[in-house]
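Coordinate analysis (summary)
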Amino acid sequence: MNILGIETSCDETSGAIVRNGNVCSTVISSQLCHSSFGGVVPELASREHERLIVSIVDAAINEANITKNELDAIAATAGPGLIGAVMVGLSFAQGLAWALGVPFVPVNHIEAHIFSPFISEGAGHHAPEGPFVSLTVSGGHTLLSVVEPDLSYSVVGRTLDDAAGEAFDKTGKMLGLPYPAGPVIDKLAEEGDPSFHQFPRALTSQSQSSKSWQGNFDFSFSGLKTSVLTWLQRESPEFIELHKADIAASIQSAIVGVLVEKSMGVARSRGIRALSISGGVSANSALRRAMQEACDREGVMLYLPKMLYATDNAAMIATLANLKIARGLKAECRYNIAPYASFAAAARRRD
Ligand code: KG4
Ligand code: ZN
C-alpha cells in the first residue's frame, strides 16, 4: 500500500510516500522569499507552491523507488491554512488521483500534526494504547485536546488570540530578530537567564488578573506581546542589545511555562498518563526539556515528533491517511473536495 501525501498549507511545499504505514521518503522545501516581510505573504506562498509542486512530488516518488503507477492512494491537506496555498496542493493531488484512478483522502492539517509523534519509519508504531493529551503548537494554532484510540478527539483548550508560535515570532520581531523568530529565540536563549525578567503568564496560577484560572485550559498570548513591547520601549537600545539573550530566555520561559502548566493540568484532571506535543513549536528545546521534567515528575509518558516532523511536512499527511484507512475509512474516488481556511470551518465539514 503506497500513499502519496502532499502538504502546501503555509510556507513549506512537501511530498512524502508512506508504504504499509512506514515513511519511505519525505521531501520538504521551505520558502525563503518571506523573510524580508516579517511574515508569510499569502500570494507569494501560493506562487512558490505552484512553481515547486511538480518537482517536489516527483522527488518524493523517486526517493521511494516507485513510479506513479504504483500509488494506491493520494492524500493532501484540505485545510486549515492559507486558502490559496492549500488550493495548490489540494487541486494538484486530486487531479493526479483522478488521472491515475486512485482514491483521494483529504486531511486536516491540525489532525495530522496531532498524530505526527507517531510517524513510523519502520521500527513499528508506538502510539499509546489508551487516550492521550495532545498539545499542538504552531505558527497558526495552539490547541489542547484529548485523543481517543479510535482517532476521535475533543478539544479542551485553544488560544483566545495569538498562537504560541506567533507569540515567539512577534516578540522576536520586537527584539529585531528575523522571521520566523521561534528557532532564533530558542538558540539565543541558551546563553540567557530565563529569570532575568518575569513576563506575564495569562490564565495560569501565576497570573494575578485571573482568579478562575484553574480548570481553564484556554490560552492567551496577546498580553505577553503588549508587555514585551512596552517593556522594551522603556529600555535603551544599548541595554536591549546587551541583554538580548536574557530577554529571549525570559520570553521563552513565559510561553513554555504556560504550555507546560496547561498540558499537565489536563492530564492530571482527567487521569491521563500519556501526553504528546506537536507542531512547529514542539521543536523548541526548552519546551521539550520542561515538559519531559514535568511528565517524569507526574508519571506521564511523553511523546515527541522527530525534529523533521515537528514543522510542516507531508509525511504526517500520508501517515494520518494511512491510519484512517487502517481504521476502516473507505478511501473514495471523489475529486471535488474544496479547501477550507479555518479550523472552525473544518469542524463544520464532513469529507
Ligand atoms: O507547524 P509549523 O511549521 O507551521 C504552521 O503550521 O504554523 O510551525 C511554525 C512555527 C513558527 O511560528 C516558528 O517560529 C515556530 O513554529 N518554531 C519554533 C521553533 N521552531 C519552529 N518556535 C520555538 N522554538 C523553535 N525551536
Ligand atoms: Zn503546521
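Structure's up top.
1. Structural notes on the packing of aromatic side chains
- Scanning the entire structure with this criterion turns up eight aromatic pairs.
- With 5.1 Å between their ring centres and 75 degrees between their planes, phenylalanine 118 and phenylalanine 132 make a pair best called edge-to-face. One end of the pair, phenylalanine 118, is in the loop between α3 (109–114) and β6 (132–137); the other, phenylalanine 132, is in strand β6, with 14 residues separating them in the sequence. For the pair phenylalanine 118 and phenylalanine 132, a shared accessibility class is recorded, and that class is buried.
- Their ring planes at 65 degrees and their centres at 6.3 Å tell us that tryptophan 231 and phenylalanine 239 sit as a pair that is edge-to-face.
- On the basis of relative accessible area, phenylalanine 239 is assigned to the partly exposed category, the value being 26%.
- Among the aromatic residues, those joined into a cluster by ring pairs are Phe115, Phe118, Phe132 and Tyr303.

2. What about the pattern of salt bridges?
- Applying the stated criterion to the full structure yields ten salt bridges.
- Residues glutamate 111 and lysine 324 are paired through a salt bridge, measuring 3.8 Å at the closest nitrogen-oxygen approach. Residue glutamate 111 is found in helix α3, and its partner lysine 324 is found in helix α10 (residues 315–326); the two are separated by 213 residues along the sequence.
- Note on glutamate 111: relative accessible area 16%, which makes it buried.
- Measuring nitrogen to oxygen at the nearest pair gives 3.0 Å for the salt bridge that ties glutamate 121 to lysine 306.

3. With respect to the coordination of the zinc ion (ligand 2)
- The protein atoms that coordinate the zinc ion (ligand 2) are His109 (NE2), His113 (NE2) and Asp312 (OD), at distances of 2.0 to 2.2 Å.
- Its four donor atoms give the zinc ion (ligand 2) angles of 92 to 150 degrees at the centre, a pattern that matches the irregular case.
- Mapped onto the sequence, the donors of the zinc ion (ligand 2) take the spacing H-x3-H-x198-D. With a gap of 199 residues between them, histidine 113 in helix α3 and aspartate 312 in the loop between β10 (301–303) and α10 connect regions that are remote in the sequence.
- The class of histidine 113 is buried, set by a relative accessible area of 0%.
- Here aspartate 312 falls in the buried class, since its relative accessible area comes to 11%.

Reading the values: rules and limits
- What you see as residue numbers is a count from 1 along each chain, following the sequence as written.
- Lettering of chains starts at A and numbering of ligands starts at 1, both following the order in which they are written.
- Totals for whole chains, interfaces and linings use all residues, but because this is a predicted model, local features are given only for residues with pLDDT of at least 70 and pairs of side-chain atoms are given and counted only at 80 or more.
- Excluded from the side-chain calculation are hydrogens and water; included are all heavy atoms of the structure.
- The aromatic pairing rule takes the rings of Phe, Tyr and Trp, using the six-membered ring of Trp, and pairs them if the centres are within 6.5 Å, calling planes under 30 degrees apart stacked, those over 60 edge-to-face and the rest tilted.
- Counting from the N terminus, the helices are DSSP H or I runs at least four residues long and the strands are E runs at least two residues long.
- We call a residue buried when its accessible area falls under 20% of the maximum for its residue type, exposed when it is over 50%, and partly exposed in between, using a 1.4 Å probe and counting protein chains only.
- The salt bridge definition used is simple: a Lys or Arg side-chain nitrogen within 4 Å of an Asp or Glu carboxyl oxygen.
- Listed donor atoms are N, O and S within 2.8 Å of the metal (Na, K and Ca: 3.2 Å). As water is not included, a site may look incomplete.
- Site shape is set this way: if four donors have all angles between 85 and 135 degrees, tetrahedral; if opposite donors are over 155 degrees apart and all others between 65 and 115, square planar for four donors and octahedral for six; otherwise irregular.

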